[in-house]
Amino acid sequence: MSARIGIVGIGHIRFGNSSEYDLADIMAYAATDALIDAGILEQRREVDQVFVANMASGLFCHQSSVASSMVSKLDMEPVPAETVENGPASGASAVKLGYMAIASGMADVVLVVGGEIMRKVSGWEATDVVATMLHPEAEYAMGLTLPSFGGMFARLYMDKYGCTERDLALIAVKDHDNGALNKYAHVQAACTIEAIADSETAGVVNNYIAEPLRIYSTCPVTDGSCALLLVNMDSPKAKLFKKKPVRIAGIGSATDTHCVHNRKDPLRLDAVRIAGAKAYKMAGLNPGDISFAELHDAFTVLELAISEEIGLFERGKAYLAVRKGETTIKGRLPINPSGGLKAKGHPVGATGVSQVVELVRQLRGEAEEGRQVKDPKYGMSVNFGGFGNNVVAIICAKD
Amino acid sequence: MIDFSMYDVKVPEIKGYRCQTCGTVHYPAPMICSKCSTRRDPVTGRKWETFNLEGPVTLLTWTRVWNLPEGYNVKYLLFGIVEFGNGLRASGRLGVENPVIGMTLNTRVEESDERPGKPVNVFVFE
């Protein structure tokens, strides 16, 4: 791939409860922040293409065609705009399509916006909406949900490798420490290992969701939006922007069986491994080059499994690194410095964009004091659709 | 005498699919055989046969879910992934309170109307 494509603008609202607002409004707000950050608010029609990542506005908000609605709110007509839907990996897929649009020569500047409002419906309904990504007859109809698969995966992982519930709690403590410092995080509160694992009342504070996963092993239901401005770094339009681009060095994506039970080894996340390998190959990098990672910890056990599939740790050993503190901000390889899905939140269609916003903030050195990774060169994100059946990995570089 | 046959009472069942070209079995229904690429026509079913998924299974993993989605009016449900004797695997509910990975369970199929839409058949492994 010969094109040099960089990110020159970022925008992000505070994740949390936006259920009183209109989805297109919160998306347009984050997009405006990205245009301001890039210094082209007045010249916004220089954008050649808009991609809007959203998973289920029709089900959560009874609203469709959100790309058209958002572009109109931004007064950007006649810029082309499409919605991208790839389940919880919609965000990273939109970034990938933005990259492809520029690499193809069809565009020089692409605005990528991710957004989801999940809290207009009850928690019960939200769980049901998210479960519609499962196989309709062989999974959804049985009553299965995403936490069900998280629980079954966690049981196998813990059984095979010796990881404990306390190890999963340590990930939550680390993520909440980071989220507490992130101005965009849904849950800006630290938690202690005593409160959620070690004390006699821990089981009350941290009750089961899908055994062996507990509340603190599971991401919250979150609303939010965020945006990125991508540019062909070699086009004349690149001169429009005031900030030095953070380069997109590699992107890889892959699919796996829709039904989890049809995987030869239910503990393997093949799509993660393949997507990661493609991203490394495109970037000309190895796992050892990565300075920090934003991984899709919808369930904390996935932070472990994904980090192993992309080669950051040996298979079955990531939890030992967590015990040693290697994945904290000051550790050897910080993971989820944003707080991850666990603390920052998981507005499903927006998450992949939010992960890349965090890569840019870290590589620019703009993260808040206390959660800035020291001198990062390469950041990697993994956005995990379905229960690992559609995955996108992205590597960004500070040149 | 009452003729019950007029009521069309059916025992709930869930089907597996066998490709008649190469014999490979599938669940759920594929559009193309994973081994020999024979196409399955969902209307005629030509070159394919169906069979009931039933009998003993081995439990591969399980969970007890406490945050059930809308429509379920029970405190929790147990779910598992199992393997049939023919190598096919399936996900479904468990009808045992204290499952153990590797245990043998029997397959039952029942009708469920908890989720939106028409009632559907679900596995209960017990």
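Analysis parameters
- Residues numbered from 1 in each chain as written.
- Chains lettered and ligands numbered in written order.
- Predicted model: local features only at pLDDT ≥ 70, side-chain atom pairs only at ≥ 80, totals over all residues.
- Helix = DSSP H or I, 4+ residues; strand = E, 2+ residues; numbered from the N terminus.
- Rg over C-alpha atoms; globule rule 2.2 N^0.38 Å.
- Buried ≥ 20, exposed ≤ 12 C-beta atoms within 10 Å, placed from the backbone.
- Contact = placed C-beta atoms within 7 Å.
- Pairing = 2+ DSSP bridges.
- Axes fitted to C-alpha atoms, helices over the stretch in contact; angles between N-to-C directions.
- Domains from an automatic or database assignment.
- Nonpolar A, V, L, I, M, F, W, Y, C, P; charged D, E, K, R; others polar.

**Re the overall build of chain A**
Right, so step 1: Along the backbone of chain A there are 14 helices and 11 strands.
Right, so step 2: Relative to a compact globule of 399 residues, whose C-alpha radius of gyration would be 21 Å, chain A shows 20 Å and is just as compact.
Right, so step 3: Burial statistics for chain A: of 399 residues in total, 64% are counted as buried.
Right, so step 4: Looking at chain A alone, contacts between residues at least 24 apart form 77% of all its contacts between residues at least 6 apart.

**Points about the sheet that holds strand β2 (residues 25–26) of chain B**
Right, so step 1: The three strands lie next to each other as β2-β1-β3 (chain B), forming an open sheet whose pairing is antiparallel. The open sheet has two edge strands with one neighbour each: β2 and β3 (48–52) of chain B.

**A look at unusual backbone geometry**
Excluding glycine, most residues fall at negative phi; most peptide bonds, likewise, are trans.
Right, so step 1: Between glutamate 77 of chain A and proline 78 of chain A the backbone carries a cis peptide bond, its omega angle lying at 15 degrees.
Right, so step 2: If you trace the backbone, proline 78 of chain A turns up in the loop between α3 (66–73) and β3 (81–84).
Right, so step 3: Note that the residue after glutamate 211 of chain A, namely proline 212 of chain A, is joined by a cis bond; omega there is 5 degrees.
Right, so step 4: Locating proline 212 of chain A in the fold gives a position in the loop between β5 (208–210) and β6 (213–214).
Right, so step 5: The residue serine 37 of chain B is not glycine, and still its phi comes out positive at about 65 degrees.
Right, so step 6: Overall, the presence of 10 C-beta atoms within 10 Å leaves serine 37 of chain B in the exposed class.
Right, so step 7: Unusually for a residue other than glycine, lysine 47 of chain B sits at a positive phi of about 70 degrees.

**As for the interface of chain B and chain A**
Right, so step 1: Contact residues are listed per partner, giving 27 residues for chain B and 30 residues for chain A.
Right, so step 2: Going through the elements one at a time, β4 (56–65), β5 (77–84), β6 (89–94) and β8 (120–125) of chain B are the ones with two or more residues in the side of chain B that touches chain A.
Right, so step 3: At six residues, β4 of chain B tops the list of elements feeding residues into the side of chain B that touches chain A.

**Observations regarding the sheet that holds strand β9 (residues 292–295) of chain A**
All names here are of chain A.
Right, so step 1: In space, the nine strands of this open sheet follow the order β3-β2-β4-β7-β1-β8-β11-β10-β9, with mixed pairing throughout. Looking at strand neighbours, the two that pair on one side only are β3 and β9, the edges of this open sheet. Each strand axis lies, on average, 25 degrees off the axis of its neighbour in the sheet, ignoring direction.
Right, so step 2: Across four bridges, strand β2 (residues 49–53) lies against β3 in parallel orientation. Of the residues in β3, the one forming a bridge with phenylalanine 51 is glutamate 82.
Right, so step 3: Sitting on the sheet, helix α4 (residues 90–103) touches β1 (5–12), β2, β3, β4 (109–116), β7 (224–232), β8 (246–255), β10 (378–385) and β11 (390–397), and the angle it makes with β4 is about 170 degrees.
Right, so step 4: Strand contacts of helix α10 (residues 270–283): β8, β10 and β11, with the helix running at about 145 degrees to β8, the strand carrying the most contacts.

**So, the domain arrangement of chain B**
Residues and elements named next belong to chain B.
Right, so step 1: In terms of domain boundaries, chain B breaks down into domain 1 (13–52) and domain 2 (56–125).
Right, so step 2: The straight-line distance from the C-alpha centre of domain 1 to that of domain 2 is 23 Å.
Right, so step 3: Taken residue by residue, the interface counts five residues in domain 1 and six residues in domain 2.
Right, so step 4: Its residues assigned to classes, the side of domain 1 that touches domain 2 comprises three nonpolar, one polar and one charged.

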